[in-house]
Amino acid sequence: MIIAIDGPSAAGKGTLARRLAEALDLAYLDTGLLYRAVAAKVLESGADPDDAEAAARTAAALALDDLARPDLRDERIAQAASRVAAIPEVRTALLDLQRRFAHTPPGGKRGAVLDGRDIGTVVCPEADVKLFVTASPEARARRRHKELLARGETSIYPRVVAEMRARDARDSARATAPLKPAADAVVLDTSEMDPDAVFRAAMDIIAARTAPPSSGPDAAP
Ligand code: CDP
């Protein structure tokens, strides 16, 4: 079983994906970390995140072990990640790793949950369930601000709003794999929902989408 979860930053994808993976005993891949890891390595090498050749070379050599770096959540890396993510060669170089994870998940799991921006549209268009998790820009900015403060980082709310707008604009406007719901995705607006409500709604959608064909009295013979 493959579950694809896409949506903008701080909409609640990560929390939901982790909980679904645990409840359904599936492997979990946060694909944002791939772009963040590429960005971190490019920055470290002194190259520019817009340098297509350097970024594509880094992406082609990326391994799952690279996702363990503790600094990948930094905002500086998030911004650079959305720059390398706009380079088509980078996206192509990361496709194989993501598809392999989805189809032969680690740990012998029977399936995988992948979250990102283009899982339902490009990486796994064949996913069994596609969720597009979104929320208002205000709700997302408030959540990100709270999350940064909880991590002990300094966070200035207007700056969080500006950085989120910049990243949203880059992710939605890029020519390759822009952020948008797949035609067959179920859209979940989490602006007014807490994590438990989002989890319950997602479990209901998954149950409905993966239920075996009805064998009740109305079923065709
Ligand atoms: O955690 P947050 O939602 O803020 O970001 P993320 O999911 O870690 O993604 C960081 C950046 O990577 C995004 O702004 C996108 O530009 C890029 N990304 C992408 O292009 N495609 C994906 N499947 C996942 C992330």
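The preceding data block contains the structure.
### Digging into the overall build of the chain
At step 1: When helices and strands are counted, the chain shows nine helices and five strands.
At step 2: Moving toward the C terminus, one meets the helices and strands of the chain in the order β-α-β-α-α-α-α-β-α-β-α-α-β-α.
At step 3: Its C-alpha atoms give the chain a radius of gyration of 18 Å, near enough to 17 Å, the size a compact globule of 221 residues would have.
At step 4: Judged by the C-alpha coordinates and their principal axes, the chain covers about 65 × 35 × 30 Å.
At step 5: Looking at the chain as a whole, 48% of its 221 residues are labelled buried.
At step 6: By sequence separation, contacts in the chain at least 24 residues apart represent 78% of the contacts at least 6 residues apart.
At step 7: Looking at the chain as shown, the accessible area adds up to about 11,000 Å², and 54% of this sits on carbon and sulfur atoms.
At step 8: Where the 31 positive side-chain charges of the chain centre and where its 33 negative ones centre are 2 Å apart.

### Structural notes on helix α8 (residues 157-173)
At step 1: Across its 17 residues, α8 extends 24 Å between first and last C-alpha, which sits within 8% of the 24 Å expected from 1.5 Å per residue.
At step 2: Within α8, burial applies to Val-160, Val-161, Met-164, Arg-167, Asp-168 and Asp-171. Looking straight down α8, one finds its buried side chains confined to an arc of 140°; they lie on one side. Turned more than 90 degrees off the buried face of α8, the exposed positions are Pro-158, Arg-165 and Ala-173.
At step 3: The inward-facing, buried residues of α8 abut α2 (32-44), α4 (75-84) and α7 (137-150).

### So, the layout of surface pockets
At step 1: Space inside the largest pocket adds up to approximately 930 Å³.
At step 2: Along its surface, the largest pocket is lined by 41 residues, and Ala-10, Gly-12, Lys-13, Gly-14 and Arg-144 are the ones closest to its centre.
At step 3: Within the residue set of the lining of the largest pocket, elements represented by two or more residues are α1 (13-24), β2 (27-30), α2, α4, β3 (112-116), α7, α8 and α9 (195-210).
At step 4: Taken together, the residues of the lining of the largest pocket break down into 12 nonpolar, 10 polar and 19 charged.

### Points about the pattern of salt bridges
At step 1: Scanning the model with the defined rule gives 17 salt bridges in all.
At step 2: Across the pair Arg-69 and Glu-44 runs a salt bridge whose closest N-O atoms are separated by 3.2 Å. Placement of the pair is Arg-69 in the loop between α3 (52-60) and α4 and Glu-44 in helix α2, with a sequence separation of 25 residues.
At step 3: Here Arg-69 falls in the partly exposed class, since its relative accessible area comes to 23%.
At step 4: Residue Arg-69 pairs with Asp-71 through a salt bridge whose shortest N-O separation is 2.8 Å.
At step 5: Where salt bridges share partners, they join Arg-144, Glu-147, Arg-151 and Glu-153 into one cluster.

Basis of the calculations
Residues numbered from 1 in each chain as written. Predicted model: local features only at pLDDT ≥ 70, side-chain atom pairs only at ≥ 80, totals over all residues. Heavy atoms only, no water. Helix = DSSP H or I, 4+ residues; strand = E, 2+ residues; numbered from the N terminus. Rg over C-alpha atoms; globule rule 2.2 N^0.38 Å. Buried < 20%, exposed > 50% of the residue type's maximum accessible area, 1.4 Å probe, protein only. Contact = heavy atoms within 4.5 Å. Areas by Shrake-Rupley, 256 points an atom, 1.4 Å probe, with all protein chains shown as cover. Lys, Arg positive; Asp, Glu negative; His and termini not counted. Charge placed at Lys NZ, Arg CZ, Asp CG, Glu CD. Expected span 1.5 Å × (residues − 1). Arc of directions from axis to C-beta. 1 Å grid on protein atoms, 1.4 Å probe; cavity = no way out; pocket = protein on both sides within 12 Å on 5 of 7 lines; lining within 4 Å. Points joined across faces, edges and corners; volume = space filled by probe spheres on them. Nonpolar A, V, L, I, M, F, W, Y, C, P; charged D, E, K, R; others polar. Salt bridge = Lys/Arg side-chain N within 4 Å of Asp/Glu carboxyl O.

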